[in-house]
Amino acid sequence: MAQDKLAFIREDVEQLKANSLFINIRTMDSPAGAWMTVDGRRVLNFCTNNYLGLADDPRMKEAAKAAVDRWGVGPAAVRSIAGTQGLHLELERRLAAFKRVEDALYVQSGFCANQAAIAPLVGKEDVIFSDRLNHASIIDGARLSSAKIVVYEHCDPADAEVKIRENLPNFRRGLLVTDGVFSMDGDIAPLDKLTEIAEKYGVLTMVDDAHGEGVLGQGGRGIVDHFGLHGVFDVEIGTLSKAFGVVGGVIAGKKLIVDYLRQKARPFLFSSAVTPADTAACLAAVDLLEESEERVQRLWDNARYFKEEMARLGFDTGRSQTPIVPVMLGDAALAKEFSRELFANAVFAVAIGFPTVPRGLARIRVMNTAAHSREDLDLGLAAFETVGKKLGVLKINRVT
Ligand SMILES: *Cc1c(COP(=O)(O)O)cnc(C)c1O
């Protein structure tokens, strides 16, 4: 019999299943909102990154529909050949103005933005200083550049400085890159201190603000605005797929750099432009964000309330400083069971374990949004209390 070429896949899948690491992908049957239909059940949604509730916004949907009539369904070309439509340029101008930076480049996704932005700036003679907990798309973007990657301890500017001093003299130039808001813990990178150190040594600076876009800074202008680093910070990566509720990535910052990326970034040169419908919906999102800061306020009010009430119940919400709330449980099997029990109580919140987070630090991750009402949050809190008591995470007789 012929050799089984695919045996390695069967074996690996069995291993994943044996270690509870196999991903069961649920199916959504409704738009992303406070409530969603998931695998046929109506549940309270704590899983999507729809921070401002824009994913199903009527004005954005109208803008997308109108764009289809005016511009068609696809640009049928890469940006650098024939794919750049007026809509793309308008969005780039509006994003740059919104974020108070010189220029912005709109690409296909946040993941793609990291593949686009890093390689043109550093190559095999250079060194990248990267936070230990950086997102996979930064890690892959860094690998693509062929630069040496030196990891510094999580959110630790002192360690970053030690690593820069040790390594930079052996290379042509350096780039420091960090997540803005870390997606599994909800903590914020100390961008002011990191920037100060990078500037001291002449190291380029890049932040991936996927979870800070629409969340941090005045009216959701992002982490560079939050720390007031306009004009100093080099490159800010963002996504339009989370708070903006649509899809796409943005590379924002100094005009010299952004213009250079238009010449060099491979996903810009070799992968087709984002569709008119998506681009128009993103433009409508910028309109909404510029018109009112009310959604951003509501997001933070909800996050504050939820965290306070969880602490009152006796849950450990880790080091969260943002609407991302990890509910620390420790054991991976316990976290999975907790998530299943929540779902049985009509609450959708996923368990996250190794290798996404370190062993022994498994958790449930709750994404707060502006779409949730106080009533929704109270319902969610009640479910957490019920399941917490049932699984022995909370003491039954605790006085609250
Ligand atoms: C989600 C995320 C991305 C990917 O963004 P997409 O627009 O979904 O591709 C990139 N970086 C970080 C830090 C993220 O959290």
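Residues numbered from 1 in each chain as written. Predicted model: local features only at pLDDT ≥ 70, side-chain atom pairs only at ≥ 80, totals over all residues. Heavy atoms only, no water.

Applying the stated criterion across every chain yields a total of seven aromatic pairs. When the ring of Phe98 is compared with that of Phe244, the centres are 6.4 Å apart and the planes differ by 85°; the resulting orientation is edge-to-face. Highlighted residues: Phe98 in helix H4 (residues 86-98) and Phe244 in the loop between strand S8 (235-239) and strand S9 (249-253), separated in sequence by 146 residues. We note that Phe98, like Phe244, is buried. Judged by centre distance (5.9 Å) and plane angle (75°), the ring pair of Phe343 and Phe348 falls under edge-to-face. Like Phe348, Phe343 is buried. (Phe/Tyr/Trp six-rings, centres within 6.5 Å; stacked < 30°, edge-to-face > 60°. Helix = DSSP H or I, 4+ residues; strand = E, 2+ residues; numbered from the N terminus. Buried < 20%, exposed > 50% of the residue type's maximum accessible area, 1.4 Å probe, protein only.)

With their axes 10 Å apart at the nearest point, helix H14 (residues 332-344) and helix H15 (residues 374-390) run at an angle of 130° to one another. The orientation of H14 with respect to H15, classified from their angle, is oblique. Where H14 crosses over H15, the handedness of that crossing is right-handed. Side by side, H14 and H15 meet where Phe338, Glu341 and Leu342 of the first sit next to Ala383, Phe384, Val387, Gly388 and Lys390 of the second. Residue composition of the contact of H14 with H15, by class: five nonpolar, one polar and two charged. (Axes fitted to C-alpha atoms, helices over the stretch in contact; angles between N-to-C directions. Parallel < 35°, antiparallel > 145°, perpendicular 65-115°, else oblique. Left-handed = near helix turned anticlockwise from the far one by under 90°. Contact = heavy atoms within 4.5 Å. Nonpolar A, V, L, I, M, F, W, Y, C, P; charged D, E, K, R; others polar.)

In the vicinity of the ligand, 13 residues are found, and the nearest of them are Gly110, Asp208, Thr239, Ser241 and Lys242. Between Phe111 and the ligand, the recorded distance is 2.9 Å, taken from a backbone N or O atom to an oxygen atom. Ser137 is positioned with one of its side-chain polar atoms (N or O) 3.4 Å from a nitrogen atom of the ligand. Against a free-state accessible area of 380 Å², the protein chains account for coverage of 84% of the ligand. A breakdown of the residues in the shell around the ligand according to their chemical character gives two nonpolar, eight polar and three charged. (Near = heavy atom within 4 Å. Polar contact = N/O pair within 3.5 Å; in protein donor to acceptor, adjacent residues only side chain to side chain. Areas by Shrake-Rupley, 256 points an atom, 1.4 Å probe, with all protein chains shown as cover.)

Our focus in this paragraph is the pairing of strand S13 (residues 362-367). A large share of S13 lies buried, amounting to six of its six residues. Of the two faces of S13, the one lined by Ala362, Ile364 and Val366 and the one lined by Arg363, Arg365 and Met367 are each fully buried. As paired elements, strand S10 (residues 324-330) and S13 share six bridges and run antiparallel to each other. When the bridges of S13 are listed, Gly330 appears paired with Ala362. (Pairing = 2+ DSSP bridges.)

As far as domains go, the protein holds domain 1 (15-45 + 293-390) and domain 2 (58-291). If you look at the interface, domain 1 gives 18 residues, while domain 2 gives 20 residues. The junction of domain 1 with domain 2 conceals about 1,500 Å² of combined surface from both sides, 57% of it contributed by carbon and sulfur atoms. Across the contact surface, domain 1 and domain 2 share three salt bridges. Between Arg363 and Asp185 there is a salt bridge; the shortest N-O distance is 2.8 Å. Taken together, the connections running from domain 1 to domain 2 amount to ten residue pairs in polar contact (both at pLDDT 80 or more). At the level of secondary structure, the elements contributing two or more residues to the side of domain 1 that touches domain 2 comprise helix H13 (294-313), S10 and S13. Ranked by residues supplied to the side of domain 1 that touches domain 2, first place goes to H13 with four residues. Of the residues contributing to the side of domain 1 that touches domain 2, the split by class is nine nonpolar, four polar and five charged. (Domains from an automatic or database assignment. Buried area = accessible area lost by both parts, 1.4 Å probe. Salt bridge = Lys/Arg side-chain N within 4 Å of Asp/Glu carboxyl O.)

Tyr51, Leu52, Met60, Leu95 and Phe244 are the most contacted members of the largest nonpolar core, which totals 46 residues. Breaking this core down by element, the ones donating at least two residues are helix H2 (58-71), H4, strand S3 (103-107), helix H9 (223-226), S9, helix H12 (276-291) and H13. Ranked by the residues each element gives to this core, the list is headed by H12, at ten residues. Both domains that furnish three or more residues to this core are identified here as domain 1 (15-45 + 293-390) and domain 2 (58-291). Non-local contacts of Tyr51, meaning those with residues more than four positions away in its chain, are made with His211, Val215, Lys242, Ala243, Leu299, Pro323, Ile324, Met367, Asn368, Thr369 and Ala370. The next biggest cluster of nonpolar side chains, apart from the first, holds 25 residues, and it includes Phe338, Leu342, Ala349 and Ala383. (Core = buried A, V, L, I, M, F, W, Y, C linked by side-chain atoms within 4.5 Å.)

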